[in-house]
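Summary of structural features
Listed below, chain by chain, are the residues.
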Amino acid sequence: MRTPVPVEFQAQDTYHELEMTTIYSAKKIITMNPARPVVSHVAVRDGRILGAGTLSELVGFGEYSLDERFEDKILMPGLIEGHSHAVEGKWWRFVYCGFHDRMDPHGKIWSGLQTMDDVIARMQEKEKTLDDPTQALTGWAIDPIYYSDKKITRQMLDCISSTRPIGIIHASAHTMSVNTKALELSDFMRAGIEHVGVPLGDDGMPTGELKGPDVYFSVAQEAGFDGNMLEFDESGLIDFSRLCVRNGVTTATDLAAQLSDDIVDVGIRVTNETDFPVRIFSFRFHIGLTPQELIEQVKSLKLRSTDRFRLGKIKVIADGSIQGFTARLNWPGYYNGAPNGLWYIAPEQMLAIYEMALEAELQIHTHTNGDEATDLALDTLEAALKKHPSNNHRFTIQHGQLINAAQYRRMAKLDMCVNHFANHHFYWGDEHYRLTVGPERAERMNACRTALDNGIPLAIHSDAPITPLSPLFTAWCAVNRLTHSGRTQGEYEKITVEEALYAITIGAAYTLNIDDEVGSIEAGKQADFAVLHEDPTAVPAMQLKDIGVWGTIQGGRVFAASDI
Amino acid sequence: MQAVTPVTIIGGYLGCGKTTLVNHLLRNANGARLAVLVNDFGELPIDADLIEAQDGDVISLSGGCVCCSFGDDLSRSLKTLRALDSLPDHIFIEASGVALPGAIGNSLSLLRGYQLEGVVVLVDATSVQAASVQKYIGDTIDRQLNDADLLVLNKMDLLNDSQAIELRQWICEYYAHAPLVEAVYSKIDPAILLNIKTGRNSRDASNQADYTHDISSMYSSISLRMDQQVDVPILAERLSDKGCGLVRAKGFVMDYDNSIKTIQVVGRRWSVTNAPAGVETGLVCIATSSELTEEKLRSFCNIEVTKQDAAKLQCGYFD
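Values in this document were obtained by computation on a predicted structure and should not be read as measured data. (Residues numbered from 1 in each chain as written. Chains lettered and ligands numbered in written order. Predicted model: local features only at pLDDT ≥ 70, side-chain atom pairs only at ≥ 80, totals over all residues. Heavy atoms only, no water.)

Concerning the interface of chain B and chain A
Often, the extent of an interface is quoted as the loss of accessible area upon association of its parts. Selection criterion: The criterion used for residue contact is that any of the two residues' heavy atoms lie within 4.5 Å. By buried area we mean how much accessible surface two parts lose on assembly, using a 1.4 Å probe and totalling the loss over both. Whenever a carboxyl oxygen of Asp or Glu lies within 4 Å of a side-chain nitrogen of Lys or Arg, that contact is scored as a salt bridge.
Across the boundary between the two partners, chain B contributes 27 residues, which contact 35 residues of chain A. Between chain B and chain A, a total of about 2,600 Å² is buried, with carbon and sulfur atoms accounting for 52% of that surface. Of all residues in chain B, L110, R112 and Y136 of chain B give up the largest surface area on contact with chain A, accounting jointly for 28% of the area buried on that side. Here chain B is connected to chain A by three salt bridges. Note that K135 of chain B and D375 of chain A form a salt bridge whose closest N and O atoms lie 2.9 Å from each other.

Structural notes on the domain arrangement of chain A
Residues and elements named next belong to chain A. Where we set the bar: Domain start and end points were adopted from an automatic or database domain assignment. Put simply, DSSP H or I for four residues or longer makes a helix, DSSP E for two residues or longer makes a strand, and each gets a number counted from the N terminus. Nonpolar residues are Ala, Val, Leu, Ile, Met, Phe, Trp, Tyr, Cys and Pro. Charged residues are Asp, Glu, Lys and Arg, and all others, Gly as well, are polar.
One can read the domain layout of chain A as domain 1 (88-222) and domain 2 (234-558). The straight-line distance from the C-alpha centre of domain 1 to that of domain 2 is 29 Å. Residue-level contacts link 22 residues of domain 1 with 22 residues of domain 2. When the two sides are added together, the surface that domain 1 and domain 2 hide from each other amounts to roughly 1,800 Å², 62% of it contributed by carbon and sulfur. For the pair domain 1 and domain 2, the number of links is zero salt bridges. Put simply, the parts of the chain that give the side of domain 1 that touches domain 2 at least two residues each are α3 (88-91) and β8 (102-103). It is α3 that provides the largest number of residues to the side of domain 1 that touches domain 2, a total of four residues. Among the residues forming the side of domain 1 that touches domain 2, the class breakdown is ten nonpolar, six polar and six charged.

A short note on the pairing of strand β12 (residues 260-266) of chain B
All names here are of chain B. Note the following rule: Burial classes follow relative accessibility: with a 1.4 Å probe on protein chains only, a residue under 20% of its type's maximum area counts as buried, one over 50% as exposed, and anything between as partly exposed. Two strands qualify as a pair provided that DSSP identifies no fewer than 2 bridges between them.
In terms of burial, β12 is a largely internal element, six of the seven residues being buried. Pairing geometry for strand β11 (residues 246-254) and β12, over seven bridges, is antiparallel. Within the sheet, the bridge partner assigned to V253 lies in β12 and is K261. Adjacent in sequence and paired antiparallel, β11 and β12 are bridged by five residues, among which N258 carries a positive phi angle near 75°. With six bridges joining them, β12 and strand β13 (residues 269-274) adopt antiparallel strand pairing. Of the residues in β13, the one forming a bridge with Q264 is S271.

Description of the packing of aromatic side chains
Residues and elements named next belong to chain A. Applicable threshold: Note on aromatic pairs: the rings of Phe, Tyr and Trp (six-membered ring only in Trp) are paired at centre separations within 6.5 Å, and the planes decide the class, stacked below 30 degrees, edge-to-face beyond 60, tilted for the rest. We count a charge as sitting over a ring when the NZ of a lysine or the CZ of an arginine lies within 6 Å of the ring centre and within 35 degrees of the ring normal.
Evaluation of the coordinates by the stated rule reveals 24 aromatic pairs over all chains. Centroid distance F426 to Y427: 5.1 Å. Interplanar angle 85°. Geometry classified as edge-to-face. Residue F426 is classed as buried on the basis of its relative accessible area of 14%. With relative accessibility at 11%, the residue Y427 sits in the buried group. Grouped by ring-pair contacts, the aromatic residues W91, W92, F94, Y96, W140 and F225 constitute a single cluster. Above the face of the W110 ring, K108 is positioned so that its terminal group lies 3.9 Å from the ring centre. It is R487 that lies over the ring of Y433; its NZ or CZ is 4.0 Å from the centre.

Remarks on the sheet that holds strand β16 (residues 309-317) of chain A
All names here are of chain A. Put simply, the test is: Only C-alpha atoms enter the line fits that serve as axes; for helices the fit covers just the stretch in contact. Angles between N-to-C directions range over 0 to 180 degrees.
In space, the eight strands of this open sheet follow the order β6-β14-β15-β16-β17-β18-β19-β20, with parallel pairing throughout. If you trace the sheet from one side to the other, it starts and ends with β6 (79-81) and β20 (458-460), each paired once. Looking at each pair of strands side by side, their axes are set apart by 25° on average, direction ignored. Bridging between β16 and strand β17 (residues 363-368) involves five bridges; their strand directions are parallel. Its bridge partner lying in β17, K315 is registered against H365. Contacts between helix α9 (residues 261-272) and the sheet are confined to β15 (279-285) and β16, with β16 contributing the most and set at about 135° to the helix. Here helix α17 (residues 471-480) sits on the sheet in contact with β6, β14 (249-257) and β20, set at roughly 110° to β20.

Quick word on the domain arrangement of chain B
All names here are of chain B. Which entries qualify depends on this criterion: Throughout this description, a polar contact denotes any pair of N or O atoms lying within 3.5 Å of each other; where both atoms belong to protein, one of them has to be capable of donating a hydrogen while the other can accept it, and for residues adjacent in sequence the pair is counted only when both atoms sit in side chains.
Split into domains, chain B comes out as domain 1 (5-182) and domain 2 (198-314). When the area that domain 1 buries against domain 2 is broken down by residue, the three leading residues are E117, D149 and P179, summing to 34%. At the junction of domain 1 and domain 2, the tally comes to three salt bridges. A salt bridge links D149 to R269, with the shortest nitrogen-to-oxygen separation between them at 2.6 Å. In this assembly, domain 1 and domain 2 are joined by seven residue pairs in polar contact (both at pLDDT 80 or more).

Focus: the sheet that holds strand β9 (residues 180-182) of chain B
Backbone hydrogen bonds hold the strands of a sheet together, and the pairing may be parallel or antiparallel. All names here are of chain B. Strand order across the open sheet formed by nine strands is β3-β4-β5-β2-β6-β1-β7-β8-β9, with mixed pairing between neighbours. One side of each edge strand has no neighbouring strand; the edge strands of this open sheet are β3 (51-55) and β9. Ignoring which end each strand starts from, the neighbouring axes of this sheet average 20° apart. Pairing analysis gives four bridges linking strand β2 (residues 34-38) to strand β5 (residues 66-69), with the strands arranged parallel. Along β5, the bridge assignment pairs V36 with C67. Strands β1 (5-11), β2, β4 (58-61), β6 (90-94) and β7 (114-124) of the sheet are contacted by helix α1 (residues 18-27), whose axis makes an angle of about 145° with β1.

Structural notes on the side chain of R102 of chain A
Residue and element names in this part refer to chain A. Here R102 shows up in strand β8. One polar contact links the side chain of R102 to the main-chain carbonyl oxygen of P465, over a distance of 3.2 Å. The contact partners of R102, leaving out residues within four places of it in the chain, are E88, W92, Y96, K108, I109, W110, W140, P465, I466, T467 and P468.

Now the structure itself:
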């Protein structure tokens with residue numbers, strides 16, 4: 001972060017900085033405005049775009065200073081992450097144990113860990129820095145499907161320490177691996193446990209693998225996951241914003257928040273700092289409230305919304321996840337014959353929430369993974385719209401990983417949007433092919449092509465921290481549809497680079513109902529830009545993910561990744 | 001020995017009467033301090049006249065009872081309860097309408113200090129058959145009913161005779177695994193779910209419960225002296241056998257090693273734990289049929305009548 005400006009100078013500085021017109025030149029400015037898709041200059045005043053065009057077109061706005069620092073860079077509209085969780089910033093305090101390289105908020109690339117021994121070694125390294133022998137040691141993002149024996153036992157983690165509790169949450173967030181001490185502290189280290197989520201070893205004791213949040217929550221507390229695992233805190237939110245800048249993101253979502261008064265206070269205060277670089281949309285999720293309470297809370301949250309901490313939208317969670325076998329699937333269900341998944345909401349509750357939200361003009365994003373859950377959301381919206389017609393509701397399906405062509409056709413009729421989990425293909429596509437839904441349906445998961453062909457407004461997402469926050473990587477996933485093993489999965493559902501860039505800019509803006517403010521570079525919009533080292537429309541599609549990000553401009557304020 | 005708090009899970013689909021049952025239990029707690037965990041503070045989760053104060057996620061109720069909402073994290077809520085001044089005598093978890101109550105019970109088994117006493121699933125007699133074939137929630141309702149240790153067929157007053165007969169047949173055909181009680185406005189004998197006193201005064205205790213006579217007449221309560229040693233798990237299992245005709249049994253019995261054990265039976269679920277010190281042996285059983293006699297019960301469970309028992313019976317001890 002930049003050094004804060006002393007208060008007495010702040011107003012005056014801001015006044016000069018923002019009232020002045022700055023014209024940025026760049027090697028290329030990709031506007032995402034089809035009427036002038038590429039320009040050489042963009043003029044900015046008061047945090048907003050005066051115009052995009054040639055220098056001679058822009059000088060008509062009057063006195064300006066020409067900023068040529070991006071002469072060799074590419075500008076795009078600031079990228080928009082339409083489904084992430086700000087808690088990722090907090091998780092970086094834990095030890096990164098992922099299989100793939102990943103950049104932390106400070107720009108350090110943590111190398112992916114190729115074997116379980118590498119995981120142990122990295123945890124041991126951190127262990128040496130801890131003085132108190134009882135302090136918890138916590139890791140995240142481990143993915144045992146990549147390791148030959150696929151199981152992580154408590155004994156493996158005991159090699160790191162037997163005196164302190166150790167817990168590592170898996171990449172998918174469905175499972176946690178812990179050591180013996182963590183089991184002891186949470187009273188799990190005993191014979192006679194009978195639970196499908198707690199596998200037992202030959203000795204009759206838990207192996208250390210804990211499946212499902214309802215199982216690992218209580219152990220997680222002992223293993224260093226303090227408080228609410230999905231809730232950001234002050235420094236976590238700042239670290240999350242650093243990740244955004246490093247990935248060209250100027251608008252991001254915090255898609256499943258409880259939004260207690262305390263957390264709203266933190267969110268408003270932190271994002272209001274003059275050097276906070278991102279606009280955050282924090283959605284209130286439905287769990288734990290009646291439909292009436294939810295609507296009332298979100299209505300009052302909407303009134304507290306600020307420019308950089310946007311409130312007043314609802315997240316409804318319909319079902320679970322496909323790899324956790326908790327998603328609700330239509331016939332023929334899971335490929336491996338697992339029983340159908342779970343509802344996280346009753347149809348009557350969903351209908352009540354949809355109806356009241358339409359009446360109160362509140363927008364809803366609904367998490368569905370299975371196609372049966374999507375059917376429910378479509379049926380419910382269709383019914384609710386009969387009662388409260390709306391011509392601009394922008395209800396969005398989040399994930400919608402198994403939406404089929406008939407469902408898209410219906411979604412088009414219902415004016416719905418979709419935000420697909422494109423990254424999922426790369427990380428778990430092989431698992432879906434082999435185990436969860438089988439080849440045919442795995443090939444049409446996150447069917448971006450069919451969505452666009454049916455005219456559905458489209459966004460694509462990372463679900464950070466589940467996969468890394470990086471819209472250019474997400475675009476790469478949607479364009480190439482490669483799985484980790486290197487197979488192209490679902491050739492037909494590929495989209496073009498241009499379409500993917502739309503999905504991470506104006507498409508995502510549309511799903512958040514701010515396409516009038518951001519998502520393209522044109523007169524009147526917010527001066528939100530991603531500053532790139534290379535041109536995503538010029539590099540081979542396979543290199544989209546490798547494009548370097550210099551930083552961002554958000555609301556006219558320049559944020560270099562190197563200073564953040 | 002660590003104090004173990006009994007936990008009962010109340011499941012069933014939306015509108016089946018779970019909240020009404022919770023209020024009914026709170027009104028008939030008879031001095032027991034109940035803690036009720038609800039998925040959310042729904043519309044009127046607790047009758048207003050029972051509420052004394054609310055502090056965030058915890059509502060204080062009259063008689064030392066409390067109600068907490070647990071949202072999506074039950075274990076945290078149980079921790080909140082542990083942090084209260086005194087532990088509750090009994091915890092009731094009201095599951096959300098789409099939750100699988102058996103899964104909640106399984107998760108609970110992972111936490112030390114709690115004993116799952118039973119999974120009670122309420123059934124809306126007016127709608128369950130239609131709902132069980134509904135596209136989205138049919139299989140959820142099926143799984144909920146299968147999770148039940150005890151089924152409560154609620155809203156029976158809204159059925160006419162032939163509908164009631166048909167529903168009973170339907171339940172018999174598909175969900176014969178669990179004992180069944182019928183109810184109106186969720187009013188079941190509170191002693192089925194609350195921990196009633198056992199031993200000599202047990203009948204008095206259960207009769208004191210504040211519910212109307214027409215409801216109490218649906219149940220018969222049988223108290224058994226248990227002076228002899230028994231194989232406790234075998235007895236408990238026998239008491240939970242549907243053929244026994246009981247919906248509830250609780251009491252203290254002596255094992256062959258002379259230790260006193262607590263037997264808890266709620267529907268088809270039984271548990272045996274070490275009894276607290278100083279209790280007197282005896283069993284209290286509740287049946288929904290008035291035809292169940294002490295004799296039949298003893299015979300089904302192979303409980304001999306000891307000489308002492310017989311002598312006391314002759315003296316009219318139980319009267």
